[in-house]
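Notes for the structure review
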Amino acid sequence: EVHLVESGGGLVQTGGSLRLSCAASGLTSDEQAILWFRQAPGLEREGISCISTFDGSTHYANSVKGRFTISSDNAKNTVYLQMNNLKPEDTAVYYCAADLICGTYYGGDYVFVDPDYWGHGTQVTVSW
């Protein structure tokens, strides 16, 4: 059984940094991508980053590109999301998820998959 646990959320001021962790267990060859999503109150869930544990490729949403970095420590079965230069609009519940692939290009844009497995989320709040 796939089990994903997020940690590292909290309250930070604008311009600050946080590092989220996603500890994964039970992954099989059918789950070779770890994704990060976020959902703010009243807004749709947004895919923001993904890393392929197969080839190490990474993908980012335009909203976080250049500020967030995804990485993995395969020995610890943990994926990290380093978030720098945080803004109030980054306030959301952040979820990690797992699926076979990260996504695909569609009409010139990269579209993240709708993953099969989800963690319970961790709250990130960025104050002014």
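Description of the structure in this document.

About the thresholds
- Residues numbered from 1 in each chain as written.
- Predicted model: local features only at pLDDT ≥ 70, side-chain atom pairs only at ≥ 80, totals over all residues.
- Heavy atoms only, no water.
- Pairing = 2+ DSSP bridges.
- Helix = DSSP H or I, 4+ residues; strand = E, 2+ residues; numbered from the N terminus.
- Axes fitted to C-alpha atoms, helices over the stretch in contact; angles between N-to-C directions.
- Polar contact = N/O pair within 3.5 Å; in protein donor to acceptor, adjacent residues only side chain to side chain.
- Contact = heavy atoms within 4.5 Å.
- Disulfide = S-S within 2.5 Å.
- Buried < 20%, exposed > 50% of the residue type's maximum accessible area, 1.4 Å probe, protein only.

**Focus: the sheet that holds strand S7 (residues 68–73)**
Taking strand neighbours across the sheet as the criterion, the four strands line up as S1-S3-S8-S7 in an open arrangement whose pairing is antiparallel. Two strands close off the open sheet at either side, each with one partner strand: strand S1 (3–7) and S7. Ignoring which end each strand starts from, the neighbouring axes of this sheet average 15° apart. In this sheet, strand S3 (residues 18–25) lies alongside S1 in antiparallel orientation, the contact comprising five bridges. When the bridges of S3 are listed, Leu4 appears paired with Ala24.

**Details of unusual backbone geometry**
In this structure, Asn77 is a non-glycine residue whose phi angle is positive, near 50°. Within the secondary structure layout, Asn77 lies in the loop between S7 and strand S8 (78–83). Although it is not a glycine, Asn85 adopts a positive phi angle of roughly 50°. Its location among the elements puts Asn85 in the loop between S8 and strand S9 (92–99).

**A closer look at the side chain of Arg67**
Among the structural elements, Arg67 can be located in the loop between strand S6 (58–60) and S7. A distance of 2.9 Å separates the side chain of Arg67 from the backbone oxygen of Ser63, its partner in a polar contact. Setting aside residues up to four positions removed in sequence, Arg67 forms contacts with Gln82, Met83, Asn84, Asn85, Leu86, Lys87 and Asp90.

**Quick word on the state of the cysteines**
The full count for this structure, using the stated rule, is two disulfides. Between the sulfur atoms of Cys22 and its disulfide mate Cys96 the distance is 2.1 Å. Taking the sign of the S-S torsion, 65° for the link of Cys22 and Cys96, the bridge is right-handed. Here Cys22, found in strand S3, pairs with Cys96, found in strand S9; they are 74 residues apart in sequence, far enough to count as distant. An identical accessibility class is assigned to Cys22 and Cys96; each is buried. Across a sulfur-sulfur distance of 1.9 Å, Cys50 and Cys102 are joined as a disulfide pair.

**A short note on the pairing of S7**
Sheet analysis places S7 next to S8, joined by six bridges and oriented antiparallel. Considered in S8, the bridge of Ser72 is made with Val79. In this antiparallel pair of consecutive strands, S7 and S8, the connection spans four residues, and Asn77 shows a positive phi of 50°.

**Comments concerning the environment of Gly8**
Looking at where Gly8 falls in the secondary structure, it is placed in the loop between S1 and strand S2 (10–13). Taking C-alpha positions, Gly8 is 18 Å from Glu89, a pair spaced 81 residues apart along the chain. Ignoring sequence-local partners within four residues, the contact set of Gly8 consists of Leu18, Arg19, Leu20 and Thr122.

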